[in-house]
Amino acid sequence: MTQRYYLTTPIYYVNDDPHIGHAYTTLACDALARFKRLDGFDVKFLTGTDEHGQKVAKSAADAGVDPKAFTDRVSQNFRDLADALNFSHDDFIRTTEDRHKTASQAIWKAIAAGKSPKGNDNIYLASYPGWYAVRDEAFYSEDELTTGADGKKIAPSGAEVEWVEEPSYFFRLSAWQDRLLEFYDANPDFILPKTRRNEVVSFVSGGLKDLSVSRTTFKWGVPVPGDEDHIMYVWLDALTNYITGVGFPETDSGEYATFWPADLHMVGKDILRFHAVYWPAFLMGAGLAPPRRVFAHGWWTNEGQKISKSLGNVIDPVELVDKYGLDQVRYFLLREVPFGNDGDFAHQAMVNRMNGELANDYGNLAQRVLSMINKNCQGKVSEPGNMTGDDEGFLGTAHGLIGQVRDAMEVQAFHEGLEAVWAMVRAANAYIDGQAPWKLAKEDPARMGTVLYLLAETIRHLAILTQPFMPDASARLLDQLAVPEDARTFACLGPDHALKAGMELPKPEGVFPRYENGEKAEEGD
Ligand code: ME8
């Protein structure tokens, strides 16, 4: 039976234009989705936009348009970004869609119908007097706040809070503490990285307060079933997108039956608590299974500075792609920073990786080998001939690469997957320098054929494995090795689908441009 894999990005608030942080979360999911598809999984990859709540309503009011027209416009910007970055999501959800209203009201009803582990109702009506940060769409208690220079109260995230006093339904989160701790215990990899897991476990161990899950002072949201004076708290609405995407409330058949529980919710570190505490509690409250993993990635700064609209240093991902190239940006973002840590975007670091690792290491390797085949072997794959022990060791390393990359991807260590591939790139460059096939062309053409064959076969492995990270460049390399489109999956790695001697190859051309004098230079050497 085909294994399935369901992964999601956060759904993005439509109060602002997309920036590098949004692109980063989706990119990480995209690389993983592509990897899993190539590895034979039936993948569902969901992304979308978070369109309700006070923050979006306020942005719409500031823009002088009604919220629906506003969200239609801004949501489109996120779909355009997904196209510009060549994301391979299978579905794009908008929380203003009818299917989502149905799912949100259904989960509310399921939670409200259930009892907490302490035997009392999961949801009860009371009144909320307290602090609320519209920017975070989150409630804070007095002891979490600090006072800013202007005397205003500030949440730990830096967002301003305002005093809210209104009737509200509460979710009895306090009663779910032990069940959550048992769940974390039984599923040690539910939250990654480990440091983040420890933070969550310690937060929950400290005791949980009941959570206000409805608002009455504005209308932009999903009505609470049975009490239309209330709209659902935007996070309960937003988190539900992950099951709307697989057809909830239909649970016995269709996509929910196939894909839930999700294998991975990818999120930024700022929204971990919502995903790792509230969401599993809501799901357990509704009698549904929690997801298998939540991975919290770090945040990007720009040349060492926090990215913010007021500082005017927001990075537009589309501008970045225009400047350096899509595969280059994809590679940089996933390679530069151990996934999970914070990272800094610096022009020089981008150029160093683009010129050093892509153009010089990988691009040059492919160019040298393919040009030599073109010149010295009449453009045909050479005969492997007799292999030495060293040759076999070299090829064996290429065959073993998938195992290493797979292990890294299993724990979302994109940087380690890429490092394993680059260790092979460096080994191939050392091999070519050591064997000096340009000398063998005259001295020992048969040996030259063997060396070039092994190198071409290694490049086939490398190009198949770099597809999830750099789809375009990898496809162009595989074209140059005349690898048929249906022979590019990981099942085709290894000797059974090896390049065949005598096969004609197209004329080689460079696929990794350098960045010189302020712009992308001509591709190739
Ligand atoms: O949080 N570096 O949406 P959002 C890295 N609607 N990641 C960043 C970043 C940066 N500088 N800035 C933002 C929401 N992000 C909710 C999600 S899910 C049910 C609802 C990341 O548009 C941030 O960590 O504010 C988050 O994961 C994502 O962008 C979306 O943020």
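Cut-offs used in this document
Residues numbered from 1 in each chain as written. Predicted model: local features only at pLDDT ≥ 70, side-chain atom pairs only at ≥ 80, totals over all residues. Heavy atoms only, no water. Helix = DSSP H or I, 4+ residues; strand = E, 2+ residues; numbered from the N terminus. Rg over C-alpha atoms; globule rule 2.2 N^0.38 Å. Buried < 20%, exposed > 50% of the residue type's maximum accessible area, 1.4 Å probe, protein only. Areas by Shrake-Rupley, 256 points an atom, 1.4 Å probe, with all protein chains shown as cover. Contact = heavy atoms within 4.5 Å. Near = heavy atom within 4 Å. Polar contact = N/O pair within 3.5 Å; in protein donor to acceptor, adjacent residues only side chain to side chain. Nonpolar A, V, L, I, M, F, W, Y, C, P; charged D, E, K, R; others polar. Axes fitted to C-alpha atoms, helices over the stretch in contact; angles between N-to-C directions. Pairing = 2+ DSSP bridges. Salt bridge = Lys/Arg side-chain N within 4 Å of Asp/Glu carboxyl O. Phe/Tyr/Trp six-rings, centres within 6.5 Å; stacked < 30°, edge-to-face > 60°. Parallel < 35°, antiparallel > 145°, perpendicular 65-115°, else oblique. Core = buried A, V, L, I, M, F, W, Y, C linked by side-chain atoms within 4.5 Å. Expected span 1.5 Å × (residues − 1). Bend = angle between axes of the 7 residues up to and from the residue.

A tally of regular secondary structure across the protein chain gives 18 helices and 21 strands. Taking 2.2 N^0.38 as the reference for a compact globule, 525 residues should give roughly 24 Å; the C-alpha atoms of the protein chain span a radius of gyration of 26 Å, in line with that estimate. Each of the three principal axes of the protein chain carries a C-alpha extent, and together these read 90 × 50 × 40 Å. Looking at the protein chain as a whole, 58% of its 525 residues are labelled buried. Counting every atom, the protein chain has about 21,400 Å² of accessible surface; 49% of that belongs to carbon and sulfur.

Another point: the side chain of R447. Take R447: it is sitting in helix 17 (residues 445-466). When residues no more than four places from it in sequence are discounted, the contact partners of R447 are N386, T388, D391, Y431, Q435 and L440.

Looking now at the site of the ligand. Looking at the ligand, there are 22 residues lining it, with I11, D50, G268, D270 and W300 nearest. Contacts to the ligand include Y13, whose backbone N or O atom sits 3.1 Å from an oxygen atom. In this structure, D270 approaches the ligand through a side-chain N or O atom, which is 2.5 Å from an oxygen atom. Burial of the ligand by the protein chains amounts to 94% of its free accessible area of 670 Å². Elements with a minimum of two residues in the shell around the ligand: strand 2 (12-13), helix 1 (20-38), helix 7 (234-239), helix 8 (241-244) and strand 15 (264-268). Among the elements that line the shell around the ligand, the one with the most residues is helix 7, at 3 residues. When its residues are assigned to classes, the shell around the ligand shows 12 nonpolar, 8 polar and 2 charged.

Attention shifts here to the packing of helix 12 (residues 326-335) against helix 18 (residues 471-480). For the pair helix 12 and helix 18, interaxial distance at closest approach is 7 Å and the crossing angle is 115°. Within the contact between the two elements, helix 12 uses L326, D327 and R330 and helix 18 uses P471, D472 and A473. Among the residues forming the contact of helix 12 with helix 18, the class breakdown is 3 nonpolar, no polar and 3 charged.

Strand pairing in a sheet takes place through backbone hydrogen bonds and is either antiparallel or parallel in direction. With mixed pairing, 3 strands are arranged side by side in an open sheet as 18-17-19. In the strand order of this sheet, the two ends are held by strand 18 (305-306) and strand 19 (343-345), each with one partner. Pairing of strand 17 (residues 300-302) with strand 18 involves 2 bridges; the strand directions are antiparallel. Residue T301 lies in a different strand from strand 18, and its bridge partner there is K306.

Attention now moves to the environment of E443. Within the fold, E443 resides in helix 16 (residues 437-443). The exposed category is assigned to E443, whose relative accessible area is 59%.

What follows covers the pattern of salt bridges. When their charged atoms lie close together, side chains carrying opposite charge are able to pair. Evaluation of the coordinates by the stated rule reveals 36 salt bridges. Put simply, D121 and K115 hold a salt bridge, and the shortest N to O gap is 2.6 Å. Given the relative accessible area of 35%, D121 is considered partly exposed. Note that R335 is salt-bridged to E357, the shortest N-O span being 3.9 Å. Taken together, the residues span a long stretch of sequence, with R335 in helix 12 and E357 in helix 13 (residues 347-376) at a distance of 22 residues.

A few words on the pairing of strand 3 (residues 42-50). For strand 3, the tally of buried residues reaches 8 of 9 residues, placing the bulk of the element in the interior. Pairing of strand 1 (residues 4-8) with strand 3 involves 5 bridges; the strand directions are parallel. Directly across from L7, in strand 3, lies its bridge partner F45. Examined bridge by bridge, strand 3 and strand 4 (residues 91-94) share 4 bridges and lie parallel to one another. By the bridge assignment for strand 4, L46 is matched with D91.

Now for the sheet that holds strand 13 (residues 223-224). Judged by pairing direction, the sheet is antiparallel, and its 3 strands sit side by side in the order 12-14-13 without closing on themselves. The open sheet has two edge strands, strand 12 (214-215) and strand 13, and neither has a second partner. Two strands pair when backbone bridges link them, and strand 13 and strand 14 (residues 227-232) are joined in this way by 2 bridges, in the antiparallel orientation. Bridge pairing in strand 14 places P223 opposite I231.

Summed over all chains, the structure comprises 33 aromatic pairs. Taken together, a centroid distance of 4.8 Å and an interplanar angle of 70° make the contact between F183 and F190 edge-to-face. Accessibility assignment for this pair places F183 and F190 in one class, buried. Ring geometry for W235 and F274: centres 3.8 Å apart, planes at 10°, overall stacked. Within this pair, whereas W235 is found in helix 7, its partner F274 is found in helix 10 (residues 272-285), the two being separated by 39 residues in sequence. You can call F274 buried: its relative accessible area is 9%.

With that settled, consider the packing of helix 12 against helix 15 (residues 414-435). At their nearest, the axes of helix 12 and helix 15 sit 8 Å apart, and the two run at 110° to each other. With respect to their mutual orientation, helix 12 and helix 15 come out roughly perpendicular. Only F414, H415, L418, E419 and W422 of helix 15 make contact with helix 12, whose side of the interface consists of Y331, L334 and R335.

Before going further, it helps to spend a moment on the nonpolar core. Ranked by size, the top nonpolar core spans 101 residues in total, and within it L7, Y324, Y362, F414, W422 and L455 carry the most contacts. Formed by 72 residues, the second largest nonpolar core is a distinct cluster that contains A155, L236, F274 and F282.

Attention now moves to the environment of Q412. Within the fold, Q412 resides in the loop between helix 14 (389-410) and helix 15. Look at Q412 and you get buried, because its relative accessible area is 1%. C-alpha of Q412 to C-alpha of F295: the two residues are 117 residues apart in sequence and 7.9 Å apart in space. Excluding residues within four positions of it along the chain, Q412 makes contact with Y5, L32, L192, L264, M266, R293, F295 and F339.

With that settled, the discussion passes to helix 14. With 22 residues, helix 14 should reach 32 Å at 1.5 Å per residue; the first-to-last C-alpha distance of 32 Å fits that figure. At G400, helix 14 shows its largest bend, some 35°. Listing the buried residues of helix 14 in full gives D391, F394, L395, A398, L401, I402, V405, A408 and M409. The inward-facing, buried residues of helix 14 contact helix 1, helix 15 and helix 17. N-cap assignment for helix 14: the residue whose side-chain oxygen lies 3.3 Å from the backbone N of D390 is T388. Phi for Q412, located one or two positions after helix 14, is positive at around 60°.

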